[in-house]
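The primary structure of each chain is shown beneath.
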Amino acid sequence: MAITQAHIDHYRTHGYAVVENFLSPKEIAGARADIETLRPGWVDFCLDPSAPKPADWNQPVHMRFPFPGEHLNTITVHPELRRMAAELAGTDDLYCEQSDLSLKCMGHPADREQGMHCDYRNHTLVYPPDEPIYWQTAYLIYYTDVTDDHAPTAVCSKQHYADELLWPAEVTRKERQDLYHNEVRLTVPAGSLFAYSMRTFHRGTRFKADVGRVAHFITYAPSAWKWLGIVGWGSKAIRSDFARWVSTASLEERAAFGFPPPGDPYWTDETRAGVSARYPEMDMGPYEEG
Ligand SMILES: [Fe+2]
């Protein structure tokens, strides 16, 4: 299902939106195949908890873009994710500041009752103002079903804390019973999308059964502001799979990772020669002077 105006309106009013069945069955299958390559056994266990647990079921793992295979990388730059973030921030000049896979199950180190929090503490150096030009749009895509047993994300509408300074960015149940009382637990089918802002209180919840789930955090920020973002992609650029992805990505996809767009003053005879040498498969045509 596409992201509709109703989703965007809901996001503006409540600080989040849920798009059920955002991914097609084909996209879900592709993502699951990539996850199977990356972490064998996880998808099978999440789909059928009577299956054996994956060998690394209790290991904390950090998996960040680029991923093996093409599907998770393609979903990272899904045009609809970029379109929604662009509409909210009022600019097409966006930076993909996060693409992290999240695997967890009952008893896993990440299986815990989180406190209500806003994510800006590790997505910006400063404070997220209620000004669209600074809006980062965070997404969580679920690749396996989330029932009430599967540690659903809980979220509280911004209507309950409008006009407050969002500090502390994490509050206990005792401190803000109202936020916990008004939370919504997001139970959704595989392929669904949760979109939320850096000003939206939410939390991870604990598993209620011996099951697991796989999800993907993807966040877009306006490119203009250097204080935003969870990563700098330069640290990943040394990897051959990153080079492969960059070589085949579209101009818009590359730009979303901070690549200088065609026409940028960066492009000179020297930089074209250097980038072409580094990425021999890349079509340098668009970076030639017009
Ligand atoms: Fe969070």
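Attention in this report is confined to the structure presented alongside it. (Residues numbered from 1 in each chain as written. Predicted model: local features only at pLDDT ≥ 70, side-chain atom pairs only at ≥ 80, totals over all residues.)

1. Overview of the overall build of the protein
1) Next: Along the backbone of the protein there are nine helices and eleven strands.
2) Next: On C-alpha atoms alone, the protein measures out to a radius of gyration of 20 Å, which is about the 19 Å that the 2.2 N^0.38 rule sets for 290 residues.
3) Next: Structurally, the protein occupies a C-alpha span of about 60 × 50 × 30 Å along its principal axes.
4) Next: Within the protein, the proportion of its 290 residues that are buried is 37%.
5) Next: Contacts in the protein between residues far apart in sequence, at least 24 positions, make up 82% of those at least 6 positions apart. (Helix = DSSP H or I, 4+ residues; strand = E, 2+ residues; numbered from the N terminus. Rg over C-alpha atoms; globule rule 2.2 N^0.38 Å. Buried ≥ 20, exposed ≤ 12 C-beta atoms within 10 Å, placed from the backbone. Contact = placed C-beta atoms within 7 Å.)

2. Focus: the nonpolar core
1) Next: One finds Tyr139, Ile141, Tyr142, Tyr143, Phe194, Ala195 and Val214 to be the most contacted residues of the largest nonpolar core, which totals 68 residues.
2) Next: Take this core: its biggest share by element is six residues, from strand β3 (residues 94-105).
3) Next: Leave out the neighbours within four places in its chain, and Phe194 touches Tyr16, Val18, Tyr139, Leu140, Thr153 and Leu186. (Core = buried A, V, L, I, M, F, W, Y, C linked by C-beta atoms within 7 Å.)

3. A word on the sheet that holds β3
1) Next: Judged by pairing direction, the sheet is antiparallel, and its six strands sit side by side in the order β1-β9-β5-β11-β3-β2 without closing on themselves. Each end of this open sheet is capped by a strand with a single partner; those strands are β1 (16-19) and β2 (63-64).
2) Next: As judged from the four bridges shared by β1 and strand β9 (residues 193-197), these two strands associate in the antiparallel manner. Its bridge partner lying in β9, Val19 is registered against Leu193.
3) Next: Contacting β3, β5 (137-142), β9 and β11 (212-222), helix α5 (residues 79-89) runs over the sheet at an angle of about 45 degrees to β11. (Pairing = 2+ DSSP bridges. Axes fitted to C-alpha atoms, helices over the stretch in contact; angles between N-to-C directions.)

Interpretation note: all reported values are geometric properties and have no functional meaning in isolation.
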